[in-house]
Amino acid sequence: MTLITLDFTDLGLAFGLIAIAIALSAWQKIGLEWQLAIAAVRTTIQLIFVGYILAVVFDPRAKNPWLVVAILAIMLTIASIVASNRISKKIPQLRFLVWGAIFLSSALTLTYTNFIVIQPQLWYEPQYLIPLAGIVIGNAMNGAALAGERLVSIVNASQLEIETHLSLGATPQQAVAEYRKEAVKAGLIPTLNTMMVIGVVTLPGTISGQLLSGIKPIDAAGYQILIMFMMALVNMATALLVTHGLCRQFFNRNDQFIG
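Residues numbered from 1 in each chain as written. Predicted model: local features only at pLDDT ≥ 70, side-chain atom pairs only at ≥ 80, totals over all residues. Heavy atoms only, no water.

Visitor: So what exactly am I meant to see when it comes to the nonpolar core here?
Guide: Within soluble globular proteins, side chains that are nonpolar generally end up buried alongside one another. Ranked by internal contacts, the top residues of the largest apolar core, which has 48 residues, are Leu 151, Ile 162, Leu 246 and Phe 250. For this core, the element with the most residues is helix 5 (residues 126-157), which contributes 14 residues. Those residues within four positions of Leu 151 in sequence are excluded, and the remaining contacts are Tyr 179, Arg 180, Ala 183, Thr 243, Leu 246, Cys 247 and Phe 250. (Core = buried A, V, L, I, M, F, W, Y, C linked by side-chain atoms within 4.5 Å. Buried < 20%, exposed > 50% of the residue type's maximum accessible area, 1.4 Å probe, protein only. Helix = DSSP H or I, 4+ residues; strand = E, 2+ residues; numbered from the N terminus. Contact = heavy atoms within 4.5 Å.)

Here it is, written out as structure tokens:
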């Protein structure tokens, strides 16, 4: 099948969708008109900009591993900044901690996927590495933010219980073990919920995009299965690493709770 491409006229008509949403907000006096308009403009500018950048990266005449690595580094850095801002702005070295957690979990997931499952001719093949990295890093960012935010909020609300555990001889790891488990579970809930209903209730954007591009449905389903398993691994690894690093920040060198 031939892909029906969208020109600027088609995209202009697509703005009618957001215009209807803005009109509904104004009609019901929701107050989201400006937010919707700004979001629409930002979405358009950002995606067109990314489209032109990726056109250069995907050009078979200019395949450059360093350019691919540079794009991945930018994605990783932005994701770590967003996630750390959602967790807390008071914890020292949090941004570096989150960056390291997302990097390690994403590297593990992408390495396994690239070298064991897909096995492209070039390890830095942009067609595979960049889209998969975007999915992995984006999910790692969400997992880090959810798990980290939950852990910080629980610990702040349970200072008395933690100090009681410590006074009874518990180690710092033992004192916050249950809170860490709950935080990790919180980081995995969106992915688990999606895996439970995917293909039955929801049809994710990845498989929808592949179907629109003309890929056979069974091939699109295969890639979606791979992506869901990647999401499960990267979310689990990121949540474990972030919560482990955060737990160390709650105590000083003398194992005293500092909040």
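Back to the write-up after that little detour.
Visitor: Can you help me understand the environment of Arg 61 in this one?
Guide: Here Arg 61 shows up in the loop between helix 2 (33-57) and helix 3 (65-87). Sequence separation of Arg 61 and Thr 113 is 52 residues, and the distance between their C-alpha atoms is 25 Å.

Visitor: Just checking my understanding: could you explain a nonpolar patch on the surface for this structure?
Guide: On the surface, Trp 66, Val 69, Tyr 112, Phe 115, Ile 116, Val 117 and Trp 123 cluster together into a nonpolar patch covering about 790 Å² of accessible area. Breaking the nonpolar patch down by element, the ones donating at least two residues are helix 3 and helix 4 (94-118). Tracing the chain through its elements places Val 69 in helix 3. With relative accessibility at 34%, the residue Val 69 sits in the partly exposed group. (Patch = residues over 30% accessible without salt bridge, like charges linked within 9 Å, V, L, I, M, F, W, Y side chains within 5 Å. Areas by Shrake-Rupley, 256 points an atom, 1.4 Å probe, with all protein chains shown as cover. Salt bridge = Lys/Arg side-chain N within 4 Å of Asp/Glu carboxyl O.)

Visitor: Could you clarify how one ought to interpret the packing of helix 3 against helix 5 in this entry?
Guide: When two helices pack together, their arrangement is captured by the angle between the axes and the distance separating the axes. Closest axis-to-axis distance for the helix 3/helix 5 pair is 8 Å, and the angle between their directions is 15°. Considering the angle they form, helix 3 stands roughly parallel to helix 5. Judged by the sense of rotation from one axis to the other, the crossing of helix 3 with helix 5 is right-handed. Of the residues assigned to the contact of helix 3 with helix 5, the class counts are 19 nonpolar, three polar and two charged. (Axes fitted to C-alpha atoms, helices over the stretch in contact; angles between N-to-C directions. Parallel < 35°, antiparallel > 145°, perpendicular 65-115°, else oblique. Left-handed = near helix turned anticlockwise from the far one by under 90°. Nonpolar A, V, L, I, M, F, W, Y, C, P; charged D, E, K, R; others polar.)

Visitor: Even after reading the chapter, I still don't get the packing of helix 5 against helix 6 (residues 159-167), so can you show me in this structure?
Guide: In the contact formed by helix 5 and helix 6, the axes pass within 5 Å of each other and the chain directions differ by 75°. One finds that helix 5 runs roughly perpendicular with respect to helix 6. Contacts between helix 5 and helix 6 involve Val 155, Asn 156 and Ala 157 on the former and, on the latter, Gln 159, Glu 161 and Ile 162. Its residues assigned to classes, the contact of helix 5 with helix 6 shows three nonpolar, two polar and one charged.

Visitor: Teacher, can you tell me more about unusual backbone geometry here?
Guide: In most cases, non-glycine residues show a negative phi, while peptide bonds are predominantly trans. The residue Lys 29 is not glycine, and still its phi comes out positive at about 55°. Structurally, Lys 29 can be placed in the loop between helix 1 (8-27) and helix 2. By relative accessible area, which is 75% here, Lys 29 ends up exposed. Positive phi, close to 55°, is recorded for Gln 119, a residue that is not glycine. Position of Gln 119 among the secondary structure elements: in the loop between helix 4 and helix 5.

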